[in-house]
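Residues per chain are reported as follows:
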Amino acid sequence: MTASGKPMAEAARLSVAPMMDWTDRHCRVFHRKMSRHALLYTEMVTAPALVRGGARHLVTFDDTEHPVALQLGGSDPQELAAAARIGAEEGYDQIDLNCGCPSDRVQSGTFGAVLMRHPDLVAECVAEMIHAQGREVTVKCRIGVDEQEPEVILPDFLQKVAAAGVRRVTIHARKAWLQGLSPKENRDIPPLDYALVHRMKAAFPDLHISINGGIDSLDAASEHLDALDGVMIGRAAYQRPADILLDADRRIYGDAAPRPTAEDVAREMIPYAEAHIADGGRLHQVTRHMLGLFTGRPGARHWRRILSEGANRPGADGKLVEEALAAVTREAA
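Not measured: the values here are computed from a predicted model.

Calculation criteria
- Residues numbered from 1 in each chain as written.
- Predicted model: local features only at pLDDT ≥ 70, side-chain atom pairs only at ≥ 80, totals over all residues.
- Heavy atoms only, no water.
- 1 Å grid on protein atoms, 1.4 Å probe; cavity = no way out; pocket = protein on both sides within 12 Å on 5 of 7 lines; lining within 4 Å.
- Points joined across faces, edges and corners; volume = space filled by probe spheres on them.
- Helix = DSSP H or I, 4+ residues; strand = E, 2+ residues; numbered from the N terminus.
- Nonpolar A, V, L, I, M, F, W, Y, C, P; charged D, E, K, R; others polar.
- Salt bridge = Lys/Arg side-chain N within 4 Å of Asp/Glu carboxyl O.
- Buried < 20%, exposed > 50% of the residue type's maximum accessible area, 1.4 Å probe, protein only.
- Right-handed = clockwise from strand over helix to strand, strands pointing away.
- Pairing = 2+ DSSP bridges.
- Phe/Tyr/Trp six-rings, centres within 6.5 Å; stacked < 30°, edge-to-face > 60°.
- Axes fitted to C-alpha atoms, helices over the stretch in contact; angles between N-to-C directions.
- Contact = heavy atoms within 4.5 Å.

*Asks:* Tell me about the layout of surface pockets, residues and numbers included.
*Replies:* Considering only enclosed or pocket space, the largest pocket measures out at about 800 Å³ in volume. Pro18, Met19, Met20, Pro102 and Arg187 are the residues nearest the centre of the largest pocket, which is lined by 34 residues in total. Elements that contribute at least two residues to the lining of the largest pocket include exactly strand 2 (39-46), helix 5 (104-108), strand 5 (136-142) and helix 10 (235-239). By residue class, the composition of the lining of the largest pocket is 14 nonpolar, eleven polar and nine charged. When its volume is computed, the second largest pocket comes out at roughly 240 Å³. Surrounding the second largest pocket, 13 residues form its lining, Asp24, Glu43, Val45, His57 and Leu58 being those nearest its centre. Those elements giving two or more residues to the lining of the second largest pocket turn out to be helix 2 (25-32) and strand 2. Tallied by class, the residues present in the lining of the second largest pocket amount to five nonpolar, four polar and four charged.

*Asks:* Explain empty space enclosed by the protein to me, and be specific about the residues and the numbers.
*Replies:* Applying the stated criterion across every chain yields a total of one cavity of 30 Å³ or more. Together, Ala12, Ser15, Tyr41, Arg168, Val169, Thr170, His208, Ser210 and Met232 line the largest cavity. Secondary-structure elements contributing two or more residues to the lining of the largest cavity are strand 6 (168-172) and strand 7 (208-212). Top element by residues in the lining of the largest cavity is strand 6. It accounts for three residues. Of the residues belonging to the lining of the largest cavity, the class tally is four nonpolar, four polar and one charged.

*Asks:* Just give me the short version of the pattern of salt bridges, but keep the residues and values in it.
*Replies:* Per the counting criterion, the structure on display carries 20 salt bridges. Taking the shortest distance from any N to any O, the salt bridge between Glu90 and Arg56 comes out at 2.6 Å. Of this pair, Glu90 sits in helix 4 (residues 77-90) while Arg56 sits in the loop between helix 3 (47-51) and strand 3 (68-73), placing them 34 residues apart in sequence. On the accessibility criterion, Arg56 (34% relative accessible area) is partly exposed. One network of salt bridges, with partners in common, ties together Arg36, Asp249 and Asp255.

*Asks:* With reference to specific residues and values, describe the pairing of strand 7.
*Replies:* The element strand 7 is extensively covered by neighbouring structure, given that five of its five residues are classed as buried. Burial along strand 7 is two-sided: His208, Ser210 and Asn212 and Ile209 and Ile211, pointing in opposite directions, are all buried. Crossover strand 6 to strand 7 through helix 8 (residues 194-203) is right-handed. As paired strands, strand 7 and strand 8 (residues 230-233) are joined by three bridges and run parallel to one another. Each residue of the ladder has a partner; that of Ser210, found in strand 8, is Gly230. Following the chain from strand 7 across helix 9 (residues 218-225) to the adjacent parallel strand 8, one finds a crossover that is right-handed.

*Asks:* Can you lay out the packing of aromatic side chains for me, pointing to particular residues and giving the numbers?
*Replies:* For the coordinates displayed, the defined rule picks out three aromatic pairs. Taken together, a centroid distance of 4.3 Å and an interplanar angle of 40 degrees make the contact between Phe61 and Tyr92 tilted. Placement of Phe61 in the loop between helix 3 and strand 3 and of Tyr92 in the loop between helix 4 and strand 4 (94-99) is noted, with a sequence separation of 31 residues between them. Like Phe61, the residue Tyr92 is buried in the burial classification.

*Asks:* Tell me what's going on with the sheet that holds strand 2, and back it up with residues and numbers.
*Replies:* Ordered in space as 1-2-3-4-5-6-7-8, the eight strands form a closed barrel in which the pairing is parallel. Shown here is a sheet whose adjacent strand axes are inclined to one another by a mean of 25 degrees, direction ignored. Bridging between strand 1 (residues 14-16) and strand 8 involves three bridges; their strand directions are parallel. Within strand 8, the position partnered with Val16 by the bridge is Ile233. Each of strand 1, strand 2 and strand 3 touches helix 2; the most contacted strand, strand 2, lies at about 175 degrees to it. Here helix 9 sits on the sheet in contact with strand 1, strand 7 and strand 8, set at roughly 150 degrees to strand 8.

Take it as geometry only, folks, not as evidence of what the structure does.
In structure tokens:
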């Protein structure tokens, strides 16, 4: 259940992917102003940083972000259990184990996508995480890595994590090539296999399965939701947030409440940005996530230019957002 008492499975009908250096707490507040229901994720936080490094500041968040999931990286069952306990104490609605990130530094720590090679270890990890605290534990994975045959290894992987107590899984419908492709290339080059993910739902009807990878519109999300339980959208939700999130509550969740406009969202972010600045932060830390708000609309270029050029300047504050918004309004008129 979410903090508001709604089932997490309902929130997970649409989620915004955990993305390193992108989905920080400012990004999540911004996204939440566009959708009341979509499930939001933290960036991946490593269990060693939380447990050994005491980096609890990495998991602070605003109550307005609910429903929100903490994604953990790691491969030590006891350490992940301790990190999951911290996440539960902080108030996250869900704890997710990353079995899909292909970056070199993740591989060197024996977690992320490399865990697709070690399903028994993953099962042990999630079992300990479930036992350690009361929040739901989920897994985000790939269909396989390197020379693995997805049709063979993915069902085995899912069976083992399900047997360990996991009830919801998000599958990125691409392999990860840990040798020869960069993390960026791993988001584009390996071919998508949506059909395999759909077959996994047929094979595991009791698992809540969300699909991720290459989905860039609510139309595409809706098509997958005819057969699957959830859709996770990454770059499109970040780069064109209004296209994905402003109409998500109506189309995905059947919420008939009036939807906000992009202008509404921009105005609502001003007091949040001002509070962040008053607490010692910089305007750029908030507005860098807002650059795509008006993508595809008249004035989008002016909006991006004003924020990009001005938000890092000393003394930049909410007035800069007002200036950028005024430029959008003039262009639209």
